[in-house]
Amino acid sequence: MSRVARSMAPSHAEDVVQETWAAVIDGLDRFEGRSSLKTWVLRILSNRAKTWIKREKRLDLEHIFTEEAAVEETAVAPERFSRIGNWSAPPAAWSERTPEAIVLRMETGMLLARVVEELPQAQRIVVTLRDVEGLSSDEVCDILGVTEANQRVLLHRGRSKVRSAMERYLSEP
Amino acid sequence: MVITCRELTELATDKKEGVLSGMDRLGIRVHLSWCTRCRTYLEQMDLAVDALAALPDEAATDEVVSDLVSRFESKKRTPSE
Ligand SMILES: [Zn+2]
């Protein structure tokens, strides 16, 4: 929960978590079990975080998503392809080939967590909810109130950046 | 439908999300049949996603959950008037 709060509103994560707990305890009687407890809690958290984001940036989260999705960005640096679009600097084999070994190699995940923290805000939020927390695309769009298309574009860019960061740690010399 | 390596890297997430058009799906299949570099690329994208899922849970979670439970219990004991 604090991981999701930090991904959304890094400078107010503690406030967001505290307000969420208060709202969860208040509302637990009214929780109807139509969604999982996890998505219910995360929806409350997302609403609290959105309020903080709006207070801090004077922008709705939906706007931030739309603007970040509209920025032109490639999954892989263009200079790694030839003029006709074939690899000129192809991906090298990695020293670790299982998720567990990669996490271990990246200082038991600390380096990987930092890679996620350094993603642009909307990418960081989507990657945290989809890949770290394991929510579905429908759940994420519902919780955040963003469109599926924006969600997917930002997920793509975020994941592409995570892969290229891993490449720096895992490429065999 | 010929797909270049560069185009394939931009379709990686659509492929994993299962939202490719029929043309792109066919184009990617043909491309991967000869391009080992893009096969490596997609394997690494899958590994990146799986590694994110394998990040250890934050240590605080257990404490926080037991804190919630005890606060909820005490709220039940003292119902608001
Ligand atoms: Zn290729």
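In this convention, every chain numbers its residues from 1, walking through the sequence in written order. Key to labels: chains lettered from A, ligands numbered from 1, both in the order written. In keeping with the model being predicted, local features are shown solely for residues with a pLDDT of at least 70 and side-chain atom pairs are shown and tallied solely at 80 or more, while totals for entire chains, interfaces and linings include all residues. To obtain the side-chain values, all non-hydrogen atoms of the structure were used and water was disregarded.

Quick notes on the coordination of the zinc ion
Tetrahedral coordination by four donors puts the ideal angle at the metal at 109.5 degrees, and octahedral coordination by six puts it at 90 or 180 degrees. Residues and elements named next belong to chain B. Ligating atoms shown are N, O and S within 2.8 Å of the metal, or 3.2 Å for Na, K and Ca, and water is not included, meaning a site may look less than complete. In this structure, C5 (SG), H31 (NE2), C35 (SG) and C38 (SG) serve as the protein donors to the zinc ion, at separations of 2.0 to 2.4 Å. Key to geometry: four donors with every angle between 85 and 135 degrees are tetrahedral; four donors are square planar and six octahedral where opposite donors lie over 155 degrees apart and all remaining angles lie between 65 and 115; all other sites are irregular. Coordination geometry of the zinc ion: the four donor atoms subtend angles of 105 to 112° at the metal centre, consistent with an arrangement described as tetrahedral. Of note, the donors binding the zinc ion are all from one chain and are spaced C-x25-H-x3-C-x2-C. With C5 in helix α1 (residues 5-17) and C38 in helix α3 (residues 36-53), this pair connects stretches of sequence that are 33 residues apart. Neither residue differs from the other here; C5 and C38 are each classed as buried. Note on conventions: DSSP H or I runs of at least 4 residues are helices, E runs of at least 2 residues are strands, and numbering of each starts at the N terminus. Burial classes follow relative accessibility: with a 1.4 Å probe on protein chains only, a residue under 20% of its type's maximum area counts as buried, one over 50% as exposed, and anything between as partly exposed.

Looking at the nonpolar core
What makes a nonpolar core is a set of buried Ala, Val, Leu, Ile, Met, Phe, Trp, Tyr and Cys residues whose side-chain atoms join them at distances within 4.5 Å. Counting 53 residues, the largest nonpolar core has M8(A), F65(A), L112(A), L144(A) and M166(A) as the members making the most contacts within it. Ranked by residues supplied to this core, first place goes to helix α3 (residues 37-57) of chain A with eight residues. Each of two domains, domain 1 (1-58) and domain 2 (60-173) of chain A, supplies a minimum of three residues to this core. Whether two residues are in contact is decided by their heavy atoms, any of which lying within 4.5 Å being enough. Not counting residues up to four positions away in its chain, the partners in contact with F65(A) are A122(A), I125(A), V126(A), L144(A), V146(A), N150(A) and L154(A). A75(A), W87(A), L8(B) and L20(B) belong to the second largest nonpolar core, which has 17 residues in total. Where each domain begins and ends is defined by an automated method or by a domain database.

Structural notes on the interface of chain A and chain B
If you look at the interface, chain A gives 52 residues, while chain B gives 34 residues. In this description, buried area is defined as the sum, over both parts, of the accessible area (probe of 1.4 Å) that is lost when the two are combined. Around 3700 Å² of area is buried between chain A and chain B when both sides are counted, 64% of it from carbon and sulfur atoms. The working definition used for a salt bridge is a side-chain nitrogen of Lys or Arg within 4 Å of a carboxyl oxygen of Asp or Glu. Taken together, the links from chain A to chain B amount to three salt bridges. For D57(B), the salt bridge is made with R3(A), and the minimal N-O distance between the two is 3.8 Å. Each polar contact in these results corresponds to two N or O atoms within 3.5 Å; when the atoms are within protein, one needs to be able to donate a hydrogen and the other to accept it, and residues that are neighboring in sequence are counted only if both atoms are side-chain atoms. Between the two partners, chain A and chain B, sit eleven residue pairs in polar contact (both at pLDDT 80 or more). In terms of residues, the side of chain A that touches chain B owes the most to one element, helix α9 (residues 148-170) of chain A, which gives ten residues. Following the grouping adopted for this structure description, the nonpolar residues are Ala, Val, Leu, Ile, Met, Phe, Trp, Tyr, Cys and Pro, the charged ones are Asp, Glu, Lys and Arg, and the polar ones are all others, Gly among them. Of the residues in the side of chain A that touches chain B, the class split is 26 nonpolar, twelve polar and 14 charged.

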